Amino acid sequence: MTDTGRNGEALSEEDLRRKTEEFIEQEEGAAHKMTGWVANVLVALAVSMSLFHLYAAYSIVPTQTLRPVHVAMVMVLSFLMFPIARRFRHRIMVWDIAFSLLAVACIVYMLMGGDDFGDRNTLPNQWDIVFGAVFIVMLLEATRRTSGWIMPLVCVLFLLYAVFGNHLDAPWGHRGYSIGRIVGHMYMTLEGIFGPAVDVASTLIILFTIFGAVLQHSGAGRFFIDFSFSAMGGKATGAGRTVVLASFLLGGPSGSGVATTVTLGSVAYPIMAKSGYGRNAAGGLLAAGGLGAILSPPVLGAAAFLIAEFLKISYLDVIIMASIPTVLFYFGLLVMVELDIRKYRMREIPMPPPQKLTALLRRSGFHFFSLVSIVVFMLIGFSPVLSVFYATLIAVLMSFLNPAEALWPRRLVRTLADGSIGMLNVGATCAAAGIIVGTVTLTGLGQKFSVIVIDYAGGSLVLTAIFTSLVVWIVGLAVPVTASYIICAVIAAPAMIKLGVPDYAAHMFIFYYAVLSEVSPPTALSPFAAAAITGGNPYVTTLQSWKYTMPAFLVPFAFVLDPFGGTLLLQLDNVGWIDGAIVLFGAFLGIALMAGAAQGWVLARTNRLETILLLLAGTLLLIPSLLESLITALTGFDIPYERAVAIALAVAVLLMHRLRTGRLLGAA
């Protein structure tokens, strides 16, 4: 396959592969590509890590052992597989081995200390401090290698705050802590580095990463793309619809927005280009679809597992909470695609007939069962850890239903290795995030920050939510989704909870904005990766992906600003059928109206007034409490039927547009 770049030069398939790898490396680190016996040793270490965690999922490994051993494995592989600098790529240096041995020594010292080790965390001895300080430095270096400089620098700033906070004025100040006290809290307890984030990484995240690797190596990714093209009939005008469907299905095998964008884009872009998509618009839609992979049940992104841990709820509850918002996200994308077909006057072109859907399902349809088996196991009472364990076994066994994609021993070894390697950046990030969480719990920073935010917002929940979304957005520009969720969950969520927002709604709000920062200007890896494939302008592509996801940016506000609607959208319980139907109808209509505003097109091109009114009507349908607040503030009267008023406004705007254009819905 060839394509053209921004200056019209031809891009070979090798060029495309190289460019897309660069963007994946920005998210997951620039790993070595080794050969020979060194590669075999690294594969053996990675397979050992996967087998250990699969064993821990089925048997009982004490928490005090599992978490440190997990972090040690992550650090050893990170030092051996990621260079200290790019000029040392593809070869292991002496210092890489030394760092690995130091990390193992620190963990061995911890495990050999027994109960006495944890008991003296407030008064650590000299050796405790030495080993703890070395371990923290090694962890920050492993995080730098796998995910860049930003996360370690943020951790250092939090450590400096813990040491020198006594020099700050109220409300930021605290009494200050010694190096020994900080090291004891971070290294010798389960409240710092080995806290909730590592707990989730060592159980759920790595198991889901292994599960995703099994799906990918057994051909699930290719099947979901083929299924999407077949389901859409192979029509050129269905290219956008295919991207939306395939991106949802690919979320399970890839588990990454960038990986989904690259995997789908290399196949779908040529067809999108032939059907009428420009380079930037195609890249924007591909990136928006890839983003949905992090939001989509049953796998979701790594941060979703942390929600369950922070809220002390089951992962099945998190899946339920994500279901309707995910449907709204993809519904918005589908509406945008339908408007694209009319806006760009996309044309039918001759295409090869798609594979017959029945034959495709007969050959590889078992992948659907593998994907949903996790939910099935959780519904019948298994824990999330055992559910993904058994689902992984089922996926391995079912791969033999298609001999061409069966996980025979050689392929299974590669699969297990990729399962561990694929979570190194997340594992290191979760461990480093423990430094941030530990600092917050030690100094009380979360409560201090919530007081500051509420004071700045004047006690207004609307302003507090806006400030929180901006904080999550800014943090998300610099660090991965998992890290931005953890940071903001511990420092920003308390502010909304103090103002009466349910804890689950506050955490889902932060999670969604952490994910949405993946396609937000000025830095966004998924759109940049998409631009590498389409040859578009990375920054224009980012703006296009922002446009495609714009309706989704308002959905999280419904979680926190509308108590009734937010409860329905996230929990699906304690709501009557009529009330529930009204809320859902309003949400879907609101998303459709905002999609029309973002596209500047409904039956025809909208004028400026219509665009503004569409955006206003869509916002008020999603968050009707805004209308109630505005009317109450202006008139002093309480309007009980705010959704009915918002729907009336939406109908009026559509009628006005219909009369002006003289077109019927569906006209090209």
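Up top is the structure these notes are about.
Residues numbered from 1 in each chain as written. Predicted model: local features only at pLDDT ≥ 70, side-chain atom pairs only at ≥ 80, totals over all residues. Heavy atoms only, no water.

A closer look at the side chain of E141
For clarity, the threshold we go by: A run of DSSP states H or I qualifies as a helix once it reaches four residues; a run of E qualifies as a strand once it reaches two. Both are numbered from the N-terminal end. Whenever two N or O atoms come within 3.5 Å, that pair is a polar contact, provided that in protein one can donate a hydrogen and the other can accept it, and provided that, for residues adjacent in sequence, both atoms are side-chain atoms. Contacts are assigned to residue pairs with any non-hydrogen atoms lying within 4.5 Å of each other.
Following the sequence through the fold, E141 ends up in helix α6 (residues 126–147). Side-chain polar atoms of E141 contact the side chain of R144, separated by 2.8 Å. Excluding anything up to four places from it in sequence, E141 contacts F79, I84 and F99.

Here's the deal with the environment of L54
Put simply, the rule is: For every residue, the accessible area obtained with a 1.4 Å probe (protein chains only) is divided by the maximum for its type, and the residue is called buried under 20%, exposed over 50%, and partly exposed between those limits.
By secondary structure assignment, the location of L54 is in helix α2 (residues 36–58). You can call L54 buried: its relative accessible area is 15%. Not counting residues up to four positions away in its chain, the partners in contact with L54 are L207, I210, F389 and L416.

Quick notes on the packing of helix α23 (residues 481–491) against helix α25 (residues 503–516)
Inclusion rule: For helices, the axis comes from a line fit to the C-alpha atoms of the stretch in contact; other axes are also lines fit to C-alpha atoms, and the angle between any two N-to-C directions lies between 0 and 180 degrees. Working rule for handedness: look at the near helix, and if it is turned counterclockwise from the far one by less than a right angle, call the crossing left-handed; if clockwise, right-handed. By the convention adopted, Pro, Cys, Tyr, Trp, Phe, Met, Ile, Leu, Val and Ala count as nonpolar, Lys, Arg, Asp and Glu as charged, and the other residues, Gly among them, as polar.
One can describe the packing of α23 onto α25 by two numbers: an axis separation of 9 Å at closest approach and a directional angle of 145 degrees. Two packed elements cross with a definite hand, and for α23 against α25 that hand is right-handed. Contacts between α23 and α25 involve V481, S484, Y485, C488 and A489 on the former and, on the latter, H507, I510, F511, A514 and V515. Its residues assigned to classes, the contact of α23 with α25 comprises eight nonpolar, two polar and no charged.

So, the pattern of salt bridges
Selection criterion: What makes a salt bridge here is a side-chain nitrogen of Lys or Arg within 4 Å of a carboxyl oxygen of Asp or Glu, nothing more.
Summed over the entire model, instances satisfying the criterion amount to ten salt bridges. Note that D128 and R120 form a salt bridge whose closest N and O atoms lie 2.5 Å from each other. Using a relative accessible area of 25% as the deciding quantity, one classes R120 as partly exposed. A salt bridge links E338 to R241, with the nearest nitrogen and oxygen atoms 2.7 Å apart. In this pair, E338 sits in helix α15 (residues 315–343) while R241 sits in helix α11 (residues 239–254), placing the two residues 97 residues apart along the sequence. You can call E338 partly exposed: its relative accessible area is 26%. Sharing partners across several salt bridges, the network here consists of D96, E141, R144 and R145.

Quick notes on a nonpolar patch on the surface
Rule in force here: A patch consists of residues whose relative accessible area exceeds 30% and which take part in no salt bridge; residues with like charges are grouped when within 9 Å of each other, and nonpolar side chains (Val, Leu, Ile, Met, Phe, Trp, Tyr) when within 5 Å. Surface accessibility follows the Shrake-Rupley procedure with a 1.4 Å probe radius. Residue values consider only the protein chains on display as shielding.
A surface patch of nonpolar side chains, amounting to about 550 Å² of accessible area, comprises F369, V372, V376, L379, I380 and F382. Examined against the element boundaries, V372 turns out to sit in helix α17 (residues 366–379).

Section: the nonpolar core
Here is the rule we go by: The term nonpolar core refers to a set of buried residues drawn from Ala, Val, Leu, Ile, Met, Phe, Trp, Tyr and Cys, joined through side-chain atoms within 4.5 Å.
In this structure, Y485 and F511 are the most contacted members of the largest nonpolar core, which totals 198 residues. Ignoring any residue separated from it by four or fewer positions in sequence, one finds Y485 in contact with A303, L306, I307, F310, H507, I510, F511 and A514. Grouped together as the second largest cluster of nonpolar side chains are 13 residues, L614, A617, L620 and V653 included.

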